[in-house]
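# Structural characterization, general
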Amino acid sequence: MSLLKGRSLIEPDDFSLNEMESLFKLAEIIEKDEKYLRDSCRGRLLASLFFEPSTRTRLSFEAAMLRLGGNCLGFAESGSSSASKGESLADTIRMASSYADTIVMRSPKEGSALLASRYSSVPVINAGDGGHHHPTQTLTDLLSIKLLLGNIENITVGFCGDLKFGRTVHSLAKALARYKAIRMIFISPKELILPDYIKNNLQKQNVDFIENENLEKSMPELDVLYMTRVQRERFFNEDDYIRLKDTYVLNSDKMSAGKEKLIVLHPLPRVNEIAIEIDSDPRAAYFKQAKYGMYIRMALLASILGVNI
Ligand code: NCD
């Protein structure tokens, strides 16, 4: 695993498929034995710099680092950092990288993690850069598919909701394009379709995909349904958000058309797009998925920090 030592993770395909496979294997071991790698990062520091709200990503990174025996420092909102005084990202990163062994950061600006990696003397992990990418959510999503369906090949994946601003969708689609026989169905209102730059890449890679507006119609075909929330904070006007926010609500009626082995994933937070009644359906996998996120982040941190595994 020393291959990943000192590496940054900015986009979902920064690591090779083999490198990702090693991370999944490691996460699977940790999932079975939570004590595995305990204390392997003693004395190491993670700076977690969140300029945007987060529950799962930040807490699972911090939990991962603490479980590995390391420590965390950082901030959970830009208002409590010197960014609020006008400090540039470059300067913030220069400082954080002189205090910590690795940095995980989230920012509302597309491209910020890449920029940060140019000023950092330690690896930078992108925990979401605006409506662009979110590669550690993708590792979480791929691990979930692997653990719950057995492999990441030969499946039909439906993405539903805000495909325009949803960075987790952009990253997962880009990552899945590298696996064999993946079919993708992008289900969204016209206003929230997948950006052209993502579609163009899928076309270049000859990925089999279609776009439609109808969740019910696609349900019977899906092996994975990836639901997403409408990203209110990225809308230019509130009226558009209100008009579009409840376009899709997954309820028991719609689930009844799904395969028996379907898995429903969601990066969370959920707002209204999955009815609470679905939580008890055995096909609802989003809370498990969130827990897998901690295991894969343990595997990622240990690997980037060069732990001998
Ligand atoms: C997502 C994000 O921040 O992009 N959440 C997450 O990290 N699990 C999804 C979202 O906010 O809708």
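All of the points below concern the structure found in this document. (Residues numbered from 1 in each chain as written. Predicted model: local features only at pLDDT ≥ 70, side-chain atom pairs only at ≥ 80, totals over all residues. Heavy atoms only, no water.)

Before going further, it helps to spend a moment on empty space enclosed by the protein. Under the counting rule described, the total for this entry stands at 2 cavities of 30 Å³ or more. Empty space within the largest cavity amounts to approximately 50 Å³. If you go around the largest cavity, the residues you meet are Gly 161, Pro 189, Leu 192, Thr 228, Val 230, Leu 244, Lys 245, Thr 247, Tyr 248 and Glu 273. Of the residues contributing to the lining of the largest cavity, the split by class is 5 nonpolar, 3 polar and 2 charged. Its boundaries defined by the atoms lining it, the second largest cavity holds a volume of some 40 Å³. What lines the second largest cavity is His 170, Ala 173, Lys 174, Ile 198, Asn 201, Leu 202 and Gln 205. Taken together, the elements giving at least two residues each to the lining of the second largest cavity come down to helix 6 (167–176) and helix 7 (196–204). (1 Å grid on protein atoms, 1.4 Å probe; cavity = no way out; pocket = protein on both sides within 12 Å on 5 of 7 lines; lining within 4 Å. Points joined across faces, edges and corners; volume = space filled by probe spheres on them. Nonpolar A, V, L, I, M, F, W, Y, C, P; charged D, E, K, R; others polar. Helix = DSSP H or I, 4+ residues; strand = E, 2+ residues; numbered from the N terminus.)

A few words now on the layout of surface pockets. Approximately 370 Å³ is the volume attributed to the largest pocket. Arg 106, Arg 167, Arg 229, Leu 268 and Pro 269 are the residues nearest the centre of the largest pocket, which is lined by 21 residues in total. For the lining of the largest pocket, the secondary-structure elements that each account for two or more residues are helix 2 (56–67) and helix 6. Looking at the lining of the largest pocket, its residues break down into 4 nonpolar, 10 polar and 7 charged. Here the lining of the largest pocket spans two domains, and each of domain 1 (2–133 + 293–304) and domain 2 (135–290) adds at least three residues to it. (Domains from an automatic or database assignment.)

For the rest of this paragraph, the subject is the site of the ligand. What surrounds the ligand is the set Thr 57, Arg 106, His 134, Gln 137, Arg 167, Thr 168, Arg 229, Gln 231, Pro 267, Leu 268 and Pro 269. Contact distances for the ligand include 2.9 Å between an oxygen atom and a side-chain N or O atom of Arg 106. At a separation of 2.9 Å, a nitrogen atom of the ligand approaches a polar backbone atom of Leu 268. Protein contact buries 94% of the 310 Å² of open area that the ligand shows by itself. Of the residues contributing to the shell around the ligand, the split by class is 3 nonpolar, 5 polar and 3 charged. (Near = heavy atom within 4 Å. Polar contact = N/O pair within 3.5 Å; in protein donor to acceptor, adjacent residues only side chain to side chain. Areas by Shrake-Rupley, 256 points an atom, 1.4 Å probe, with all protein chains shown as cover.)

Position of Arg 183 among the secondary structure elements: in strand 6 (residues 182–187). The spacing of Arg 183 and Ile 155 is 28 residues in sequence and 6.3 Å in space, taken between C-alpha atoms. In contact with Arg 183, not counting residues within four places along its chain, are Ile 155, Thr 156, Val 157, Asp 208, Ile 210 and Glu 221. Reaching out from Arg 183, the side chain makes a polar contact with the side chain of Glu 221 at a distance of 2.6 Å. (Contact = heavy atoms within 4.5 Å.)

Once that is clear, we can look at the packing of helix 1 (residues 17–32) against helix 11 (residues 286–304). Packing of helix 1 against helix 11 leaves a shortest axis separation of 8 Å and a crossing angle of 120°. Relative to helix 11, the element helix 1 is oriented oblique. Note on packing geometry: the crossing formed by helix 1 with helix 11 is right-handed. Residues Leu 23, Phe 24, Leu 26, Ala 27, Ile 30 and Glu 31 of helix 1 form the contact with helix 11, whose participating residues are Tyr 292, Tyr 295, Ile 296, Met 298, Ala 299, Leu 300 and Ser 303. Residue composition of the contact of helix 1 with helix 11, by class: 11 nonpolar, 1 polar and 1 charged. (Axes fitted to C-alpha atoms, helices over the stretch in contact; angles between N-to-C directions. Parallel < 35°, antiparallel > 145°, perpendicular 65-115°, else oblique. Left-handed = near helix turned anticlockwise from the far one by under 90°.)

A contiguous nonpolar patch, built from Leu 73, Met 95 and Tyr 99 and spanning about 280 Å² of accessible area, is present on the exposed surface. Structurally, Met 95 is set in helix 3 (residues 89–99). (Patch = residues over 30% accessible without salt bridge, like charges linked within 9 Å, V, L, I, M, F, W, Y side chains within 5 Å. Salt bridge = Lys/Arg side-chain N within 4 Å of Asp/Glu carboxyl O.)

A few words on unusual backbone geometry. In the segment running from Leu 268 into Pro 269, the intervening peptide bond is cis, with an omega of 10°. Along the polypeptide, Pro 269 turns up in the loop between strand 9 (263–265) and helix 11. Positive phi is not limited to glycine here, since Leu 37 has a value of about 70°. Phi at Asn 154 is positive, roughly 60°, even though this residue is not glycine. Inspection of the secondary structure assignment puts Asn 154 in the loop between helix 5 (135–149) and strand 5 (155–160). Residue classification places Asn 154 among the exposed residues on the basis of a relative accessible area of 62%. (Buried < 20%, exposed > 50% of the residue type's maximum accessible area, 1.4 Å probe, protein only.)

Structurally, the position occupied by Ser 97 is in helix 3. The contacts of Ser 97, once residues within four sequence positions are left out, are Ile 103, Tyr 119, Ser 120, Ser 121 and Val 122.

What follows deals with the pattern of salt bridges. Considering all chains together, one arrives at 25 salt bridges under this definition. In this structure, Arg 243 and Glu 191 form a salt bridge, with 2.8 Å as the shortest nitrogen-oxygen distance. Of the two residues, Arg 243 sits in helix 9 (residues 238–244) while Glu 191 sits in the loop between strand 6 and helix 7, which places them 52 residues apart along the sequence. We classify Arg 243 as partly exposed; its relative accessible area is 49%. Among the residues examined, Glu 191 registers a relative accessible area of 38% and is labelled partly exposed. Salt bridges here are not isolated pairs; linked through shared partners, they connect Glu 11, Asp 13 and Lys 174.

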